[in-house]
Amino acid sequence: MDARLRPSPNRRGARPRRPDRCGRVALVLQGGGALGAYQCGVYQALHEAELEPDWVSGVSIGAINAAIIAGNSPRRRVDQLRLFCERITERKISTHTPDGDVFRKVRNSTSALVTMTPGRPGFFEPRVPNPWFSLAGARTAISYYDTAPLRSTLDELVDFSLINEQSIRFSVGAVNVLSGNLMGRHKDIMYSSRTRYNTDVYRRMHKLKTQLYQALAKVPEDRLDENERRMKAELADLPEITILQIIYQQKAYEGHAKDYDFSGTSMREHWQSGYEDIGRTLKRQDWLELPAAGAGIIVHDVHREADQ
């Protein structure tokens with residue numbers, strides 16, 4: 001939440017609900033494959049609390065969810081997110097799973113295996129022939145899966161004219177497949193620790209900018225050169241920001257394949273987890289407060305603080 005900029009009115013002209021002094025709400029969604037349903041539950045809880053984002057950003061599955069949010073009116077967003085989740089999880093594994101973690105592990109592993117073989121409806125499908133049997137330079141040699149089904153799904157679920165109108169700011173991340181680094185880290189590092197690392201780096205950078213401005217403000221104006229004056233003017237407009245960092249908490253029966261277990265059961269569990277986590281978070285009014293003017297950034301690592 002950013003105290004500096006004022007958001008544009010929504011399409012009906014009414015301002016959405018905001019914490020005191022909050023000028024902009026941003027929703028940043030990371031990658032995580034099947035864990036994207038958790039993000040959908042997060043958005044549903046925000047929507048019901050009338051806390052609509054002014055800016056949505058994401059990578060991977062987060063970019064898809066962000067596009068659905070930005071590409072629909074607020075009243076349609078939850079339904080369209082649910083339709084997307086149901087579309088890509090509609091292939092059934094079994095009609096009944098006995099109670100107990102061991103049976104859920106088997107079911108989740110089976111679902112992940114099914115994802116790897118025929119792909120997911122409306123999302124991706126195996127290339128034929130696959131790269132092992134394709135000549136170098138052939139279209140089928142570039143990846144194991146074809147995402148053409150996803151394009152058709154997004155054409156159906158996203159109104160790109162709304163995105164182009166920029167009534168809500170929309171940003172997504174991408175990587176150059178020729179020059180990008182290989183993400184060979186463990187998934188919990190990619191999806192959890194990496195998020196905390198980026199937030200910590202951003203907070204430290206913001207603090208250094210604040211300290212630099214305070215130092216420049218102590219120097220008489222006639223002692224500053226043109227570049228220093230320009231820097232001082234830019235740093236004088238730093239926003240106050242509150243960051244709520246919320247990360248999916250893995251269940252005991254979930255393993256390393258949780259990001260490609262696209263079973264309907266797991267999707268509903270992930271969605272409900274996101275919904276409940278935001279519900280508990282919004283009850284903490286102190287977490288929604290912005291820092292004092294000039295104080296910079298406050299980061300609430302929701303799950304860690306909740307455990308204290």
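Refer to the structure above for everything that follows.
Residues numbered from 1 in each chain as written. Predicted model: local features only at pLDDT ≥ 70, side-chain atom pairs only at ≥ 80, totals over all residues. Heavy atoms only, no water.

## Remarks on the overall build of the chain
Regarding its fold elements, the chain presents eleven helices and seven strands. Looking at the chain as a whole, 43% of its 308 residues qualify as buried. Taking contacts inside the chain between residues at least 6 apart in sequence as the whole, the part at least 24 apart equals 71%. Of the roughly 17,900 Å² of accessible surface on the chain, a fraction of 53% belongs to carbon and sulfur atoms. (Helix = DSSP H or I, 4+ residues; strand = E, 2+ residues; numbered from the N terminus. Buried < 20%, exposed > 50% of the residue type's maximum accessible area, 1.4 Å probe, protein only. Contact = heavy atoms within 4.5 Å. Areas by Shrake-Rupley, 256 points an atom, 1.4 Å probe, with all protein chains shown as cover.)

## Considerations on unusual backbone geometry
For the bond from V128 to P129, the omega torsion is -5°, close enough to zero to count as cis. Note that P129 resides in the loop between β3 (125-126) and β4 (145-146). In the Ramachandran plot, R21 falls in the positive-phi region, its phi being about 70° despite a non-glycine side chain. Relative to the assigned elements, R21 resides in the segment before β1 (26-29). Backbone geometry at E50 places phi at a positive 60°, although glycine is not the residue there.

## With respect to the pattern of salt bridges
A complete count under the given rule lists nine salt bridges for this structure. In this structure, the salt-bridge partner of K232 is E221, at a minimum N-O distance of 3.3 Å. Remark: E221 occurs in the loop between α7 (187-217) and α8 (226-235) and K232 occurs in helix α8; sequence separation between them is eleven residues. Through salt bridges with shared partners, a single network forms among E221, R229 and K232. (Salt bridge = Lys/Arg side-chain N within 4 Å of Asp/Glu carboxyl O.)

## Structural notes on the packing of aromatic side chains
In this description, a pair of aromatic rings is defined by centroid distance and the angle of the planes. Counted according to the given criterion, the structure contains five aromatic pairs. Ring geometry for F123 against F262: centres 5.8 Å apart, planes inclined by 90°, an arrangement best described as edge-to-face. Taken together, the positions of F123 in the loop between α4 (101-116) and β3 and F262 in the loop between β6 (241-245) and α9 (264-282) put the pair 139 residues apart, joining distant regions of the chain. For the residue pair F123 and F262, the accessibility class agrees, reading buried in each case. Each ring, one from F124 and one from Y145, has its centre 5.0 Å from the other, and the planes form 65°; the classification is edge-to-face. With F124 in the loop between α4 and β3 and Y145 in strand β4, the pair connects residues that are 21 residues apart, well separated along the chain. Through successive ring pairs, a cluster of aromatic residues spans F84, F123, F124, Y145 and F262. Sitting above the plane of the W271 ring, R82 keeps its charged end 4.2 Å from the centroid. Sitting over the face of the ring of W55, R169 holds its NZ or CZ atom 3.9 Å from the ring centroid. (Phe/Tyr/Trp six-rings, centres within 6.5 Å; stacked < 30°, edge-to-face > 60°. Lys NZ or Arg CZ within 6 Å of the ring centre and 35° of its normal.)

## Observations regarding the nonpolar core
Grouped together as the largest cluster of nonpolar side chains are 44 residues, with contacts concentrated most on L27, I64, F84, F123 and W271. Within the residue set of this core, elements represented by two or more residues are β1, α1 (36-48), α2 (61-70), α3 (74-88), α5 (148-157) and α9. Once you skip the residues sitting within four places of it in the chain, W271 turns out to touch A37, Y38, C40, G41, Q44, V78, L81, R82 and C85. (Core = buried A, V, L, I, M, F, W, Y, C linked by side-chain atoms within 4.5 Å.)

## Details of the pairing of β6
For β6, the tally of buried residues reaches four of five residues, placing the bulk of the element in the interior. Strand direction decides the pairing type here: β6 and strand β7 (residues 297-301), joined by five bridges, are parallel. By the bridge assignment for β7, I243 is matched with V299. (Pairing = 2+ DSSP bridges.)

## A short note on the packing of α3 against α5
Direction vectors running N to C along α3 and α5 enclose 155°, while the axes themselves pass 11 Å from each other. By the angle between their directions, the pair α3 and α5 is classed as roughly antiparallel. For the pair α3 and α5, the sense of crossing is right-handed. Note on element contacts: α5 touches α3 through L150, T153, E156 and L157, opposite Q80, L83, F84 and R87. (Axes fitted to C-alpha atoms, helices over the stretch in contact; angles between N-to-C directions. Parallel < 35°, antiparallel > 145°, perpendicular 65-115°, else oblique. Left-handed = near helix turned anticlockwise from the far one by under 90°.)

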